[in-house]
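# Architecture at a glance
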Amino acid sequence: MKSSEGDTVPPQSLPEIGISQILGLVELLIGKEGAREDIYRLAGELSMELGETLTVIKAAEMLGLVHTPGGDVVVEAFGTKVIDASIPERKELLREKIELLPVFKKVREFLATEENHEVTREQVSEKLAELIPNEDAESSFSTLVNWGRYAELFGYNDDSQTFYLDTDEDRGE
Amino acid sequence: MTNPHLNQTEETIIEMKNVSKNFMLPQGQVTVLENISFKAVEGEFVAIVGPSGAGKSTLLRLMNGLLAPSVGNVLYQGKEQHGINFESAMVFQNFGLLPWLTVAQNIELGLEARTKDAALKKEKVNRYITKVGLDGYEEAYPRELSGGMKQRVGLARALAIEPSLLLMDEPFSSLDVLTSINLRNELLDIWSDRDNVVNTMIMVTHIIEEAIELADRIIILSNRPGKVVGDIKIDLPRPRQKRDKRFIEYVDRIFSLLA
Ligand SMILES: Nc1ncnc2c1ncn2[C@@H]1O[C@H](COP(=O)(O)OP(=O)(O)OP(=O)(O)O)[C@@H](O)[C@H]1O
Ligand SMILES: [Mg+2]
């Protein structure tokens, strides 16, 4: 993975972290006293590099699942709620957070204004160039697609390299 | 959570009776598994732990009928098993997905041999996509997915068959540490969901903690040849914590049996 200093990534870039990793982090923390842990100790326990650990924590923080007072990471009430929910309910809860992130908002707005609610990968990358520094474009793109699919905010077809809005009428095959 | 399925029946799902497996190699015959006997009852989560090369994958193949024992019998619901057991489904360490098929197509694949009814297939694919949290990923290709999402596809494909017995070969060992925590928890959620057809699970692993975290019972295999050196009931409520004193006692006990 590319070296990422979790705390210097500008807010609009998306960390290249999967939803499963984020949920795993929160589940691990919930098992601990006070649902919290020192970040250095956590990295040690997981045998993960500190930078990588920070990136996962940052991703969880973006979704409102944890916060990071001092050198600790602590599960938010919302984090507990998500983990207590059923697998399908988790998606609903996380959708509400993901759709508020600027990058996702921008792509959704873009799709909404296009006549057939379809745009190409290239068009999306151009739009995002204003929000995301060049060096983060690739990893942000993969997270855009993956979180977007998880939250069912839009569809992406890799054969045609197009995004489309997941409205019911578009769903028909 | 205690086991939600146990104590309903005590029906034996699968039984290995004095099973040995030999392979012919250029340098002669080798015994990989020797005199293996154990059973799994309806609703049970059994883990099989053993070092690399102990014959764990071979044991799973004997259970789903892909291999026949050299000696002894495999009984499925009391009857001797011949050929592939279509009531069992397998989840693999490396996911076993076809790269040119989408998520939905990979899941549907397992149903091909069982039904021709397209509407029924579609309904089952959709149902299990939802169960494992893959809604929205239907048309994604495996190359686009993280390891965690790939193994969800592997799990959905196995569940869609609605098997009576779910066999898992190191299902979490290709995943990063956080993803594997998440998938272990989700597997327990799915297993405790009473709507699910599959109650009985057998999982192979070389990680002792993973077995203790998940299973009702652990069968411990020695190496070369693989023999059962322990069969231990894990009497701890779930969720189980690694730092718990009794958890650590189980780790020590199993470790000493393997040593
Ligand atoms: N078809 C075969 N022909 C010959 N030898 C085989 C065959 N299948 C497995 N073996 C041998 O049997 C032994 C046990 O293999 P198996 O894959 O079952 O072990 P395992 O416990 O699953 O190992 P691992 O932890 O590495 O997955 C190994 O020495 C392997 O080389
Ligand atoms: Mg194996």
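Overview of the structure. (Residues numbered from 1 in each chain as written. Chains lettered and ligands numbered in written order. Predicted model: local features only at pLDDT ≥ 70, side-chain atom pairs only at ≥ 80, totals over all residues. Heavy atoms only, no water.)

### Quick word on a nonpolar patch on the surface
All names here are of chain B. This is how the line gets drawn: Patch membership requires over 30% relative accessible area and the absence of a salt bridge. Like charges are linked within 9 Å, and nonpolar side chains (Val, Leu, Ile, Met, Phe, Trp, Tyr) within 5 Å. All accessible areas in this document rest on Shrake-Rupley with a 1.4 Å probe, and a residue is counted as covered only by the protein chains that are shown. We define a salt bridge as a side-chain nitrogen of Lys or Arg found within 4 Å of a carboxyl oxygen belonging to Asp or Glu. Only runs of H or I of at least four residues qualify as helices and only runs of E of at least two qualify as strands under DSSP, and these elements are numbered from the N terminus. Under the scheme applied here, a residue whose accessible area is under 20% of the maximum for its type counts as buried, over 50% as exposed, and between as partly exposed, the area being computed with a 1.4 Å probe on protein chains only.
Nonpolar side chains collect at one region of the surface, where Leu 66, Ile 84 and Phe 86 lie side by side and expose about 310 Å² of accessible area between them. In this structure, Leu 66 sits in the loop between α1 (56-63) and β4 (71-76). Of the residues examined, Leu 66 reaches a relative accessible area of 51% and is grouped as exposed.

### Quick notes on unusual backbone geometry
Residue Arg 224 of chain B is joined to Pro 225 of chain B through a cis peptide bond whose omega torsion reads -10 degrees. For Pro 225 of chain B, the location among the structural elements is in the loop between β9 (217-221) and β10 (228-233). Omega for the bond connecting Arg 238 of chain B with Pro 239 of chain B falls within 30 degrees of zero, at 0 degrees, which places this linkage in the cis form. Relative to the helices and strands, Pro 239 of chain B resides in the loop between β10 and α7 (245-258). The residue Ala 35 of chain A is not glycine, and still its phi comes out positive at about 50 degrees. Examined against the element boundaries, Ala 35 of chain A turns out to sit in the loop between α1 (19-30) and β1 (36-38).

### Focus: the environment of Glu 123 of chain B
Residues and elements named next belong to chain B. Relative to the assigned elements, Glu 123 resides in helix α3 (residues 118-131). Judged by relative accessible area, which is 38%, Glu 123 ranks as partly exposed. C-alpha separation for the pair Glu 123 and Asn 64, spaced 59 residues apart in sequence, amounts to 26 Å.

### Brief notes about the site of ligand 1
Residue and element names in this part refer to chain B. Heads up, the rule is: Distances are taken per atom, and a residue is near a molecule or strand as soon as one of its heavy atoms is within 4 Å of it. Here a polar contact means two N or O atoms within 3.5 Å. Within protein one must be a hydrogen donor candidate and the other an acceptor candidate, and residues neighboring in sequence count only if both atoms are side-chain atoms. Only Asp, Glu, Lys and Arg are considered charged in this grouping, and only Ala, Val, Leu, Ile, Met, Phe, Trp, Tyr, Cys and Pro are considered nonpolar; every other residue, Gly among them, is considered polar.
In the vicinity of ligand 1, 13 residues are found, and the nearest of them are Ser 52, Gly 53, Lys 56, Ser 57 and Thr 58. Take Ser 57: an N or O atom from its side chain is 2.9 Å from an oxygen atom of ligand 1. Every element with two or more residues in the shell around ligand 1 is listed here: β1 (12-25) and α1. Here the shell around ligand 1 takes three residues from α1, the largest share from any one element. Looking at the shell around ligand 1 residue by residue, the class counts come to five nonpolar, five polar and three charged.

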